[in-house]
Structures are given as structure tokens and as C-alpha cells.
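# Architecture and fold: a report
Residues per chain, in single letters:
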2 protein chains.
Amino acid sequence: MKIILLGSGRVATQLGLALQNAGEEIVQVYSPTQAHAADLAKKLNAAAISSISALRKDADLYIISVKDDAIASIAKNLDLPNKLIVHTSGSTPMDVLASANIGVFYPLQTFSFEKEVDFKDVPIAIESNNPESLNVLSGLAQQLSSRVIKLDSKQRMTLHVAAVFACNFSNHLFAIAQHLLESQQLDFDLIRPLIAETAAKAQQHLPATVQTGPAIRKDEITLQKHLDLLKNEPHLQEIYRLLSQSIVNLR
Amino acid sequence: MKIILLGSGRVATQLGLALQNAGEEIVQVYSPTQAHAADLAKKLNAAAISSISALRKDADLYIISVKDDAIASIAKNLDLPNKLIVHTSGSTPMDVLASANIGVFYPLQTFSFEKEVDFKDVPIAIESNNPESLNVLSGLAQQLSSRVIKLDSKQRMTLHVAAVFACNFSNHLFAIAQHLLESQQLDFDLIRPLIAETAAKAQQHLPATVQTGPAIRKDEITLQKHLDLLKNEPHLQEIYRLLSQSIVNLR
């Protein structure tokens, strides 16, 4: 397939590389910032463009992979009445693309610019407004990943919210741990094996069934000691209290 | 060394197995519930006792590994004036042991009964009220683990609080993700690769430097969409709001 990437961020970068590795042809990379387009285009042996008017009209698939609030405005400027246009966003309804032949291609992973991602285990959620394009997207997704799933926009957003809790918020809790350790001149490395084991457990078990810690034990004495230790950081006390209460509620 | 374990819970079980594997001799296992003592004693080729009065007085080390609020009362009943007595708790000061020769042996990991733990990478925090016993504990800890660290009670409690954030609370966020996915008949398996990658990133980077997601991007539109999706679960909305705000604050 001839594919055009609109966007040059982390998702566009990793998705572009994965598509190229799968043998697809990325013909153009668009970014309003020419240098950004050029950086990614170089990696993908594609042409860099910084103006929508320079967009080729003969591609098979147009992938909009930009910040959520920019998707609609880019889509509005495309004049590709019958071409398949998709976005890669978890929380944006498909229909903001406002064209005849549209879809979604949402890879659920946390991406960085540097680290190349093995897509094989990355779930890809697809959606389209017509069965032919859904087939096209399904075939493409299956070239990259063994976990392709058809989700509607509501399901996809739920998946995204779940990912925010499991990934973004967890990472923030790791950052709070880092902050606490640093306050006592302790190395973050001390806690890395625990993080690895916590994630490993979640690969084997349902997390609700393997909860540990003072809250699930209703160990009020330890909870109070911990709140005392956090007394100069009321904001962390609040998080500690809320999550401990939530553990008890979900029990 | 001849070691007596007081306790038969998850930490006592995994620590006992690790000490046995390292060639130490567990001579007795105490639990007020004879069946619990017997279960663990059998695994460790030790004698099971359910009365403190049956405790042998010729061991080299007495390890109290019970619920935090039971440590002091067990220690009070021991009549071992010069013997080294330690507990394994993160959040309990050493001095609750109230004896002449005391210490702490705190392995930082999340333990279960079934899964045997490789202690090699498990940090072990040690403390004692005298240098000779600190040496004994250091030598013993180094037989099990390559990460032995001397911490005072305040540092150890900070490490424990950091562990609650990084491990117990993260697991709870995974459980919330599980709950959200189930509400849309989606499989938890969808999010497992993301959890694995999030933990893998924390092995390589400091988490504060690799934060992703709508909060750190200040993507207000997505944040609002997510809060709307959670509108029937005000408790989850509250967690979402608080952690998103905390991400912005720590930035």
C-alpha cells in the first residue's frame, strides 16, 4: 500500500517505522514544521511536505497522527472524497474525520521517539464506517500485530481511559516513589525490582485478585504511620488516602 | 546459622525458603495456629510450635515475621536476653523489639505464598542496635541478595511508603483498568503489554522524565472527555482528577 502520514510525533514515528518494516510504502510525511517532516521522512524514505496542498492524491491510505485537538482541522482541509482517511487517537470519535471513507487505527502502547517498538504484541483497535475499509485496516493491522480488535468509538475511549490509569497514572506513582526516595537520599534503583515484579504479576493474574499492602489488610496502624510520614506533603497524603480508600471499596 | 522463624505468612514463607536454599538451618517455625506452623515447618524441615514456651533458646537468630501490630507483643513474650532478635517490617521501628540485641531484616518485594521468589535482586534493608549484629545481618543478607543496604527506621519507612505508591497503588490502578475494561466487555489482556512496557521503561529511566499521557500534555479536551466517560463513577473521576493534577504539579 501507498501510505501518507500526516504527523511526525511519537505515534507517527513508531507507526511509520513499523509499517515500513512490514513492507508498506510511506510516500509522504506531512508536518506544518518542515524540519519535523524532514526528520521522519528521512527515516522512512519518504518525501517531506509542510503544506497540505502538496499532498499526493494517489495514496491508498491517509493516516492522521497528530494531537487530538488538531485532527478535525487537518481532516477538514483534506480534499480526498473517496480516499480512506484514518486517525490514530484513542479518545477521538471516528466521525470528526467528516469524509466519506473513514476509519481509526489506534495502537495501544506508550511510545517514545528513540525506542523502536515491537508491534507484535501491541493491540491495535480498528474501526471504519464501511466494511471494505474495515477489511483493509484489519489486514494492515494484522501485518503489524497479532492482537487486532474491532472497537467502536465508545469502547476505544474506555480502553484509552483504562490505559491512562494503568500506564500514565502508574508511571506517575513511580515518580512519586522516586521523589520520596530522593528526599531520603535513596536511589530509585532500590524500588525497580518491585516495579518489575508488580507488572509481572499483572501478566499472570487479574490485578484485583492479587492486591497487597496495608490498605487491603486494613492495617490502620501502618496507614496512619504512612500518613504521618507524609505530613509535610499534604498533596501526597491526599493521594495516599484516596487510593487506600479506593482499594478497600473495590475489595 | 540456626534460625527460628516466628510467623508463617507470605514474608516468613518466602524468606524461610530463601534462607534454606542459602544453606541456613531453620530449626523451628512458630505460629499461634499449629496448622500454619506445621505447613511452613514441613517445607523447611523444621519443627512446628504453636506456643512461645516451646521456643528453643539455642538458635543464633530469631526472625519475627508477623503482622506489624503483633510484633511488639510477640517480642515482649520472648525471654532471650542476649540473642539476636529481628523483625521484617518496613514500617515498624526497630526499638519495638525492646531487647538488648535487636535488628531489622526487611526484604523489599511483593510476596505471595505460591510463587517462589528469587531473592538475588530483592533489596534487603538491615538495621541493628550494635555493630556486631549488623555484621551478622549483613553477611546473612548478602547470602541471599546482591542488594543489601543499611537503613535507619525513618529511611526504611520512607522506602516502604515509596513501595506502597509504586507497587500497591499501581496494582490498584491496574485493577481500575480491569474494571473499566470489563464494563465494556473488553479483556484485561488488551492492556497487559502496556503495563509491561510501562514497568520496563521505569527500569531504564527515571519515571518523572518519561511521563506521557493527556495530563502532562495539558490536553484539556481529552481530560474532559475522560471525565465525562467516568461520569457514573464519581469516585474514579476523583482519582482521575487528583492524579492528573499531581502530574502537572510535579512537572
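What comes next is a walk through the structure. (Residues numbered from 1 in each chain as written. Chains lettered and ligands numbered in written order. Predicted model: local features only at pLDDT ≥ 70, side-chain atom pairs only at ≥ 80, totals over all residues. Heavy atoms only, no water.)

Residue and element names in this part refer to chain B. The strand order across the open sheet formed by eight strands is E3-E2-E1-E4-E5-E6-E7-E8, and the pairing between neighbours is mixed. Bordering the open sheet on either side are strand E3 (47–49) and strand E8 (148–150), each of which pairs with just one other strand. Strand-to-strand twist of the sheet, defined as the mean angle between neighbouring strand axes without regard to direction, takes the value 25°. Sheet analysis places strand E2 (residues 25–30) next to E3, joined by three bridges and oriented parallel. Looking at E3, one finds that Gln28 is bridged to Ala47. The sheet contacts of helix H1 (residues 10–21) involve strand E1 (2–6), E2, strand E4 (61–64) and strand E6 (102–107), and relative to E1 the element is tilted by about 165°. Packed onto the sheet, helix H2 (residues 34–43) meets E1, E2 and E3 and runs at close to 165° relative to E3. (Pairing = 2+ DSSP bridges. Helix = DSSP H or I, 4+ residues; strand = E, 2+ residues; numbered from the N terminus. Axes fitted to C-alpha atoms, helices over the stretch in contact; angles between N-to-C directions. Contact = heavy atoms within 4.5 Å.)

Turning our eyes to something else, we now look at the relation of the copies chain A and chain B. Note on the copies: chain A fits chain B at an RMSD of 0.0 Å, the axial shift is 0.0 Å, and the rotation between them is 180°. What the superposition gives is, in effect, a two-fold axis relating one chain to the other. Looking at the rotation axis and the C-alpha trace of chain A, the residue lying nearest is Ser170 of chain A, at 2.5 Å. Most of the interface of chain A is mirrored in chain B: 100% of its interface residues are interface residues there too. (Least-squares fit on C-alpha atoms with pLDDT ≥ 70 in both.)

Looking at soluble globular proteins, one finds that nonpolar side chains tend to be buried together. Formed by 116 residues in total, the largest nonpolar core has its most connected members in Leu6, Phe165 and Ile191 of chain A together with Leu6, Phe165 and Ile191 of chain B. Ignoring sequence-local partners within four residues, the contact set of Leu6 of chain B consists of Tyr30, Ile52, Leu55, Tyr62, Ile63, Ile64, Ser65, Val66, Ile74 and Leu78 of chain B. (Core = buried A, V, L, I, M, F, W, Y, C linked by side-chain atoms within 4.5 Å. Buried < 20%, exposed > 50% of the residue type's maximum accessible area, 1.4 Å probe, protein only.)

All names here are of chain A. Residues Leu84 and Val86 line one face of strand E5 (residues 84–87) and the alternating positions Ile85 and His87 line the opposite face, and both faces are buried. Across four bridges, the pairing between strand E4 (residues 61–64) and E5 is parallel. Residue Ile64 lies in a different strand from E5, and its bridge partner there is His87. Note that the unit made of E4, helix H3 (residues 68–77) and E5 has a crossover that is right-handed. (Right-handed = clockwise from strand over helix to strand, strands pointing away.)

On to the pairing of strand E1 (residues 2–6) of chain A. Residues and elements named next belong to chain A. With four of its five residues buried, E1 lies for the most part within the structure. Bridge count between E1 and strand E2 (residues 25–30): five bridges; the pairing is parallel. Across the sheet, Leu6 pairs through a bridge with Tyr30, a residue of E2. With four bridges connecting them, E1 and E4 associate as parallel partners. By the bridge assignment for E4, Leu6 is matched with Ile64.

Applying the stated criterion across every chain, the model contains eight aromatic pairs over all chains. Ring centres of Phe169 of chain A and Tyr240 of chain B lie 5.2 Å apart, and the angle between their planes is 70°; on these two criteria the pair is classed as edge-to-face. Of the two residues, Phe169 of chain A is situated in helix H5 (residues 153–183) and Tyr240 of chain B in helix H8 (residues 234–250); the pairing between them involves two chains. Note on Phe169 of chain A: relative accessible area 1%, which makes it buried. Its relative accessible area of 1% is what places Tyr240 of chain B among the buried residues. Among the aromatic side chains, those forming a connected cluster through ring pairs are Phe165 and Phe169 of chain A together with Tyr240 of chain B. (Phe/Tyr/Trp six-rings, centres within 6.5 Å; stacked < 30°, edge-to-face > 60°.)

Residue and element names in this part refer to chain B. You can see Ala18 is positioned in helix H1. For the pair Ala18 and Val117, spaced 99 residues apart in sequence, the C-alpha to C-alpha distance is 7.8 Å. If we ignore the near neighbours within four places in the chain, the residues touching Ala18 are Phe119 and Leu144.

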